[in-house]
Every structure is written in C-alpha cells, then in structure tokens.
Amino acid sequence: MANNTMTALDAVKGGLWTEVPVLRLILGMCPTLAVTAAVKPALTMGLSVLFVLVCSNIVVSLMRNLLKPHLRILMFTLTIATFVTIADLFLRAFTPQMSEVLGPYVPLIIVNCIIIARAEACASKNGIFVSAVDGIFMGIGFTIVLCILASIREVLAVGTICDIPVMWESFVPWAAMRMPVGAFITLGLMLGFVNFLTAKKS
Amino acid sequence: MDKVYILLMAFISIVIVNNLVFTKFLGICPYLGVSGRLDMAFGMGMAVTFVITLAGTLTWLIDNMILMPHGLEVTRYVCYILVIAGAVQLVEMYLRKFFPPLYESFGIFLPLITTNCAILGLCLFINLWGIDSFAEAAVLSFGAGVGFTLAICIMAGIREQLSFSDVPECLCGAPITLITAGILTLAFMGFAGMIK
C-alpha cells in the first residue's frame, strides 16, 4: 500500500489474491472463526461484510478531504456503525432465522478490522471509483475464504454442504469441527497451506 | 446471600466456562497479535480489563436509562462504539502520562483496543442475555476482562516456550498460534456445562 495512487486493477488483484484479508493480513478473525460452522451463515456474513465494506469505502472516499488526522478513526467507526445498523435491520426483517443464527456477530462487523483497514489504507487516499472496486473485491475475497472454511467444517462436522448431504452413508461426523476447536485448527492449517504455496512460488 | 451467589456464579461463568476468547471467538486479533511476550500480554490484559469494565457498565446504563425508555434502540450500535472509543482514549491518555514505557511498548495496539471485538461483543452479549441488574452487568464486564487476561497470559506463556521448538517453516507465526489456540480451547471445553 506504499503507492498512494492505486488503480482499479490493483484493487481487483489485491482483493482476490495478494491481499486476501483473512489469509494474508490476518485481519477479521472473529467473524471468520465464529460463523463458519456452516456454509449458509458464512455466506450471509460474507455478503453483509461486502455491503458494509463497499458503502463505507464510498462514504469515506467522499469525505477524505475533510478528515482530521486524529479524528479519522472515530469517523470511520461511526460511518461503519451506521451501515452495519442498516445491514442488521435488513437481515432481521427479511431473514429473521439467519439473523438469529448470526446473533451478535452482525453488529460485530463494526469492529471487523478489515473494514477499518480498507478505509485507512485505500478509501481515505483514493477516488470513489477505485474505493468502490476495492470494497467489492475485498468483500468477495473475504466471502470466498469464509465459504471455503465453512464448507470444510460443515462437511466434516455433519457431512453436508448447504444442508445437502455429500458424504457417504457410513460417514461418522466429527463433532469437534462444529466447535471452536475445529475453527481454530482448520484456519491454522489453511494459513499454513497458503504459506506453503507462496513459499514454493518464490 | 442469594444475590451474592448469583454474582459469583456469573463471574466464574464468564471467566472460565463462557470465556469470550475460547467459546465466543472474541478478541482474537490482540490474542494472536500481542501474545508474544508474557509481560506485554499481561499489560494488554489489564488495559482491556479496565476498558471493558468501564464500557460494559456504561453501555448498560445508557441502554437502560436512555435508549430503552425513549425507544432509540436503532442507535444502539453507534452509541456503544462511541462509549468504547471514549474509554480507550481515556486509558491512552492515562498511560501516556503515568506509565510511558508501557505506553511505548503497546504502540499501535492501544488504539486498536477500540476495535477489539471482545469489548463491543461483551456489551452486545449483556444486551442479548437480557441482564437486568446493574451489579450483574458490572460483574460480567469485569469478569470478561479477567477471562481475557487469563486467556492471553496462558497463550503468551505457551508461545514463549514455543519459540524454542522446531515448528515446520510454513506453520511459523500465525498458523501455529491458531492451532495452539485450538488445543487450548479443547482444554477449556472441559469446563462446559459446569454452570448453566
């Protein structure tokens, strides 16, 4: 993020590979671990983050010239909190069941470091278009990681993906994968695998 | 006597059985980021305990005295985050004045307490669990801080030992910390069901 003028193409590449939030920057861990016991909540979470990320990036980019250095974090958080409230009310109105499953993890998007990090690193320095593109692809990258993690855990924990059974009849579910243990260890191994791939390349 | 008993149970429950880090995945970022050395982990735990106690009680008061009677629940998240940011600012100024070395060693992590999910998470959980007595909210907030300190100190102790062991190269850093955290969680699962 050293160069201040990034292009939309950089944003696309960054979001999908070089700076995938969870895997490369170790940001946004809490929702990643908490909602990935099954694919559906993970997808909902990913899309909510996508929405908040795009909206907050656009707003921050609009007011980037008015920001005072010592107040900017507060302004970021307030902007984000507003959009998270919108997302939370939307989920509660249209998918009450899902909203119950996700519980306090929807409002916790406010303190998801990814969003603040993008506001700081990208939106407060770039124009609206680049910021919006950055938000979209960062959000997509985040959603993809969540879904991969959730599919691994759901398959091993109950033998289904999105409630569709995929494993053979005699498969014995690993109850531990549903629990916090499964989340920590799966993510740890996933990070190790990504490190392994990058090390090989270079 | 009954009241004291309930408060004591709430405290034990939030410190050990429902530990925010191990069962609710809250506060993972500092848990992974600052747990490299024991003294720093302890300092971080103390700072978080202070902020979380302040934030937990204040948000309970604001929720019950201002937001609910006036039907302003929509603004709840915005209010919570403002209270937390204010409390963090307070701690930051206090540390800079009275404990400059500790302040220096925290660096970026101090302002990051604002975005520590454990704090906002606890405020939300107090609201979600429908805690209706002020004393219980205060005990829960303080207990959550103690639980966080416990978790981060255990982790720091393990990581100090871990730096002497031979970890596969691609697992160094965050991955091995996560796996260790997973095994720790397994240990804490033994307490599950001890208290409702």
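Being a predicted model, the structure only gives us computed values, none of them experimental.

Participant: Got a sec to walk through the overall build of chain A? Specific residues and values, please.
Facilitator: From N to C terminus, chain A includes 10 helices and two strands. Its helices and strands in sequence order give chain A the pattern α-α-α-α-α-α-α-α-β-β-α-α, from N to C terminus. A buried classification covers 54% of the 202 residues belonging to chain A. Sequence-distant contacts in chain A: of pairs separated by 6 or more residues, those separated by 24 or more amount to 75%.

Participant: Describe the overall build of chain B, with residues and values.
Facilitator: In terms of regular secondary structure, chain B is built from 10 helices and zero strands. Mapped in sequence order, the helices and strands of chain B form the string α-α-α-α-α-α-α-α-α-α. By the compact-globule yardstick of 16 Å for 196 residues, chain B fits well, its C-alpha radius of gyration being 17 Å. Each principal axis of the C-alpha distribution contributes one length, and for chain B these read about 60 × 40 × 30 Å. In chain B, which comprises 196 residues, the proportion classed as buried is 49%. When contacts within chain B are restricted to residue pairs at least 6 apart in sequence, long-range pairs at least 24 apart make up 76% of them. Element-wise, carbon and sulfur atoms account for 71% of the exposed surface of chain B, whose accessible area totals about 9100 Å².

Participant: I'd like a rundown of a nonpolar patch on the surface, residues and numbers included.
Facilitator: Together, Y94, F98, F99 and L102 of chain B line one region of the surface with nonpolar side chains, adding up to about 410 Å² of accessible area. Counting through the fold element by element, F98 of chain B comes out in helix α5 (residues 76-98).

Participant: Requested: an account of the interface of chain A and chain B, with residues and values cited.
Facilitator: Between chain A and chain B, the contact holds 35 residues from the first and 37 residues from the second. Interface area for chain A against chain B, summed over the two sides, is near 3000 Å², with a carbon-plus-sulfur share of 86%. When the area that chain A buries against chain B is broken down by residue, the three leading residues are C30, V111 and F184 of chain A, summing to 21%. There are zero salt bridges connecting chain A and chain B. Counting across the interface, chain A meets chain B through three residue pairs in polar contact (both at pLDDT 80 or more). For the side of chain A that touches chain B, the elements supplying multiple residues, two or more each, are α3 (29-34), α5 (72-94), α7 (113-123) and α10 (180-201) of chain A. When residues in the side of chain A that touches chain B are grouped by element, the largest group, 12 residues, is from α10 of chain A.

Participant: Lay out the pattern of salt bridges with the relevant residues and their values.
Facilitator: Enumeration over the complete set of coordinates arrives at five salt bridges over all chains. Two residues, R118 of chain A and D134 of chain A, come together in a salt bridge whose shortest N-O distance is 2.9 Å. Of this pair, R118 of chain A sits in helix α7 while D134 of chain A sits in helix α8 (residues 128-158), placing them 16 residues apart in sequence. D134 of chain A carries the same exposure label as R118 of chain A, and that label is buried. For D63 of chain B, the salt bridge goes to R76 of chain B, with nearest N and O atoms at 3.2 Å. You can see D63 of chain B sitting in helix α4 (residues 38-67) and its partner R76 of chain B sitting in helix α5, a full 13 residues away along the chain. Accessibility assignment for this pair places D63 of chain B and R76 of chain B in one class, buried.

Participant: I'd love a proper account of the layout of surface pockets, names of residues and values included.
Facilitator: Approximately 640 Å³ is the volume found for the second largest pocket. Elements with a minimum of two residues in the lining of the second largest pocket: α3, α4 (39-62), α6 (96-102) and α8 of chain A together with α2 (20-24) and α10 (174-188) of chain B. Here the lining of the second largest pocket is built from residues that sort into 22 nonpolar, five polar and six charged.

Participant: Just give me the short version of the environment of A119 of chain A, but keep the residues and values in it.
Facilitator: Residue and element names in this part refer to chain A. Mapping A119 onto the fold places it in helix α7. Separated by 65 residues in sequence, A119 and V54 have C-alpha atoms that sit 9.9 Å apart. Not counting residues within four places of it along the chain, the set of residues in contact with A119 comprises N57, V60, F76 and S124.

Participant: Break down the packing of aromatic side chains for me, with residues and values.
Facilitator: Within this structure, the stated rule accounts for 11 aromatic pairs over all chains. Taking the centre distance of 6.4 Å and the plane angle of 85° together, the rings of F51 of chain A and F83 of chain A count as edge-to-face. Of this pair, F51 of chain A sits in helix α4 while F83 of chain A sits in helix α5, and the two are 32 residues apart along the sequence. Take F51 of chain A: its relative accessible area is 33%, and that puts it in the partly exposed class. Three or more aromatic residues joined by ring pairs make a cluster, and in this case those are F22, Y31, F188 and F191 of chain B.

Participant: Describe α4 of chain A, and please don't skip the residues or the numbers.
Facilitator: Given a rise of 1.5 Å per residue, 24 residues ought to cover 34 Å, and the 35 Å separating the end C-alpha atoms of α4 of chain A matches this to within 8%. With 17 of 24 residues buried, α4 of chain A lies mostly within the body of the structure.

Participant: Explain the packing of helix α1 (residues 2-17) of chain B against helix α9 (residues 134-162) of chain B to me, using residue names and the numbers behind them.
Facilitator: Residue and element names in this part refer to chain B. In the contact formed by α1 and α9, the axes pass within 8 Å of each other and the chain directions differ by 30°. One finds that α1 runs roughly parallel with respect to α9. Where α1 crosses over α9, the two elements pack in a sense that is right-handed. In this structure, α1 uses I6, L7, A10, F11, I14 and V15 to contact α9, whose residues at the interface are A135, E136, V139, L140, F142, G143, A144, V146, G147 and L150. The residue inventory of the contact of α1 with α9, partitioned by class, reads 13 nonpolar, two polar and one charged.

Participant: Describe the nonpolar core, naming the residues involved and giving the relevant values.
Facilitator: Y105 of chain A together with I28, Y31, I113 and L120 of chain B are the most contacted members of the largest nonpolar core, which totals 104 residues. When sequence neighbours within four positions are dropped, the list of residues in contact with I28 of chain B reads M29, C30, L33 and F184 of chain A together with V21 of chain B.

Participant: Please give an account of the confidence of the model for chain B that cites residues and values.
Facilitator: This prediction gives chain B a mean pLDDT of 83; 96% of its residues lie at or above 70. The ipTM for the predicted assembly is 0.78, set against a pTM of 0.83.

So, how was this worked out
Residues numbered from 1 in each chain as written. Chains lettered and ligands numbered in written order. Predicted model: local features only at pLDDT ≥ 70, side-chain atom pairs only at ≥ 80, totals over all residues. Heavy atoms only, no water. Helix = DSSP H or I, 4+ residues; strand = E, 2+ residues; numbered from the N terminus. Buried < 20%, exposed > 50% of the residue type's maximum accessible area, 1.4 Å probe, protein only. Contact = heavy atoms within 4.5 Å. Rg over C-alpha atoms; globule rule 2.2 N^0.38 Å. Areas by Shrake-Rupley, 256 points an atom, 1.4 Å probe, with all protein chains shown as cover. Patch = residues over 30% accessible without salt bridge, like charges linked within 9 Å, V, L, I, M, F, W, Y side chains within 5 Å. Salt bridge = Lys/Arg side-chain N within 4 Å of Asp/Glu carboxyl O. Buried area = accessible area lost by both parts, 1.4 Å probe. Polar contact = N/O pair within 3.5 Å; in protein donor to acceptor, adjacent residues only side chain to side chain. 1 Å grid on protein atoms, 1.4 Å probe; cavity = no way out; pocket = protein on both sides within 12 Å on 5 of 7 lines; lining within 4 Å. Points joined across faces, edges and corners; volume = space filled by probe spheres on them. Nonpolar A, V, L, I, M, F, W, Y, C, P; charged D, E, K, R; others polar. Phe/Tyr/Trp six-rings, centres within 6.5 Å; stacked < 30°, edge-to-face > 60°. Expected span 1.5 Å × (residues − 1). Axes fitted to C-alpha atoms, helices over the stretch in contact; angles between N-to-C directions. Parallel < 35°, antiparallel > 145°, perpendicular 65-115°, else oblique. Left-handed = near helix turned anticlockwise from the far one by under 90°. Core = buried A, V, L, I, M, F, W, Y, C linked by side-chain atoms within 4.5 Å. pLDDT = per-residue confidence, 0-100.

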